[in-house]
Amino acid sequence: MNLNTNDNPIALSLLMNDDLYVIPDKTEAPVFDYFGDNKRFVLILHDDVNTKHINDVEKDFLLKILAAVKLNQESIALVNLARHKNVIFDQLKVFFACSKVIAFGINPESLKLSSYSAYQLHQLGAVQLLFTDSIT
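Cut-offs applied
Residues numbered from 1 in each chain as written. Predicted model: local features only at pLDDT ≥ 70, side-chain atom pairs only at ≥ 80, totals over all residues. Heavy atoms only, no water. Helix = DSSP H or I, 4+ residues; strand = E, 2+ residues; numbered from the N terminus. Buried < 20%, exposed > 50% of the residue type's maximum accessible area, 1.4 Å probe, protein only. Contact = heavy atoms within 4.5 Å. Areas by Shrake-Rupley, 256 points an atom, 1.4 Å probe, with all protein chains shown as cover. Salt bridge = Lys/Arg side-chain N within 4 Å of Asp/Glu carboxyl O. Pairing = 2+ DSSP bridges. Axes fitted to C-alpha atoms, helices over the stretch in contact; angles between N-to-C directions. Expected span 1.5 Å × (residues − 1). Polar contact = N/O pair within 3.5 Å; in protein donor to acceptor, adjacent residues only side chain to side chain.

Chemist: Help me understand the overall build of the protein in this model?
Modeler: Counting secondary structure elements, the protein contains 3 helices and 5 strands. Across the protein, helices and strands are ordered from the amino to the carboxyl terminus as α-β-α-β-α-β-β-β. Considering the protein as a whole, with its 136 residues, one finds that 34% of them fall into the buried category. Within the protein, counting contacts between residues at least 6 apart in sequence, those at least 24 apart form 73% of the total. Surface accessibility of the protein: about 9,500 Å² in total, with carbon and sulfur atoms responsible for 52%.

Quick look at the structure:
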């Protein structure tokens, strides 16, 4: 016996008495490989296709800058966006729970953000953002 309910939606409702739901495809949240311990929720972004995290010269320079504002490697999370293509700011914000973001040589629009002026502190919800040139 072949039961066809295509032309009669009432027949289908009589045969199925449970609710049916369409569940959209769930995409997994990205996992980020980063330098630092993120204890102060300061996210630093840069883009370097030649290194995993940051080269030694830039790391030394960055650590000196951090020390000047009483931060260190344990305070921050540094993400090399060259290793994380097509990431958007909301994914970074959720993963790192950041309150401050310093982006070295990153175009805000590549993170699906509005165009922000460089060298100016911006507020996006509870997050402060600063976009500037590359680290060195």
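The discussion continues.
Chemist: How should I be thinking about the pattern of salt bridges in this particular structure?
Modeler: Opposite charge on two side chains permits them to pair, given that their charged atoms come into close proximity. In the structure shown here, the tally under the stated rule is 1 salt bridge. Between D33 and K52 there is a salt bridge; the shortest N-O distance is 3.7 Å. Remark: K52 occurs in the loop between strand 1 (42-46) and helix 2 (56-68) and D33 occurs in the loop between helix 1 (9-15) and strand 1; sequence separation between them is 19 residues. On the accessibility criterion, D33 (36% relative accessible area) is partly exposed. Judged by relative accessible area, K52 falls into the exposed class, the value being 55%.

Chemist: Looking at this structure, how should I read the environment of L124?
Modeler: Looking at the secondary structure, you find L124 in strand 4 (residues 121-124). C-alpha of L124 to C-alpha of K100: the two residues are 24 residues apart in sequence and 9.9 Å apart in space. Beyond its immediate chain neighbours, meaning those up to four positions away, L124 contacts F89, L113, Y116 and L129.

Chemist: Teacher, can you tell me more about the sheet that holds strand 3 (residues 100-104) here?
Modeler: Strand order in the open sheet made by the 5 strands is 2-1-3-5-4, with mixed pairing throughout. Each edge of the open sheet carries a strand with a single partner, namely strand 2 (76-80) and strand 4. When the angles between neighbouring strand axes are averaged without regard to direction, this sheet yields 20°. Pairing geometry for strand 3 and strand 5 (residues 127-132), over 5 bridges, is parallel.

Chemist: Please explain helix 2 as it appears in this structure.
Modeler: An α-helical segment advances 3.6 residues per turn. Residues three or four places apart therefore align on the same side. Compared with an ideal rise of 1.5 Å per residue, which puts 13 residues at 18 Å, helix 2 spans 18 Å between its outermost C-alpha atoms and is within 8% of the ideal. Residues of helix 2 that are buried sit in contact with strand 1, strand 2 and strand 3. Measuring from the side-chain oxygen of the N-cap residue of helix 2 to the backbone nitrogen of V57 gives 3.1 Å; that N-cap residue is N55.

By themselves these figures say nothing about function.
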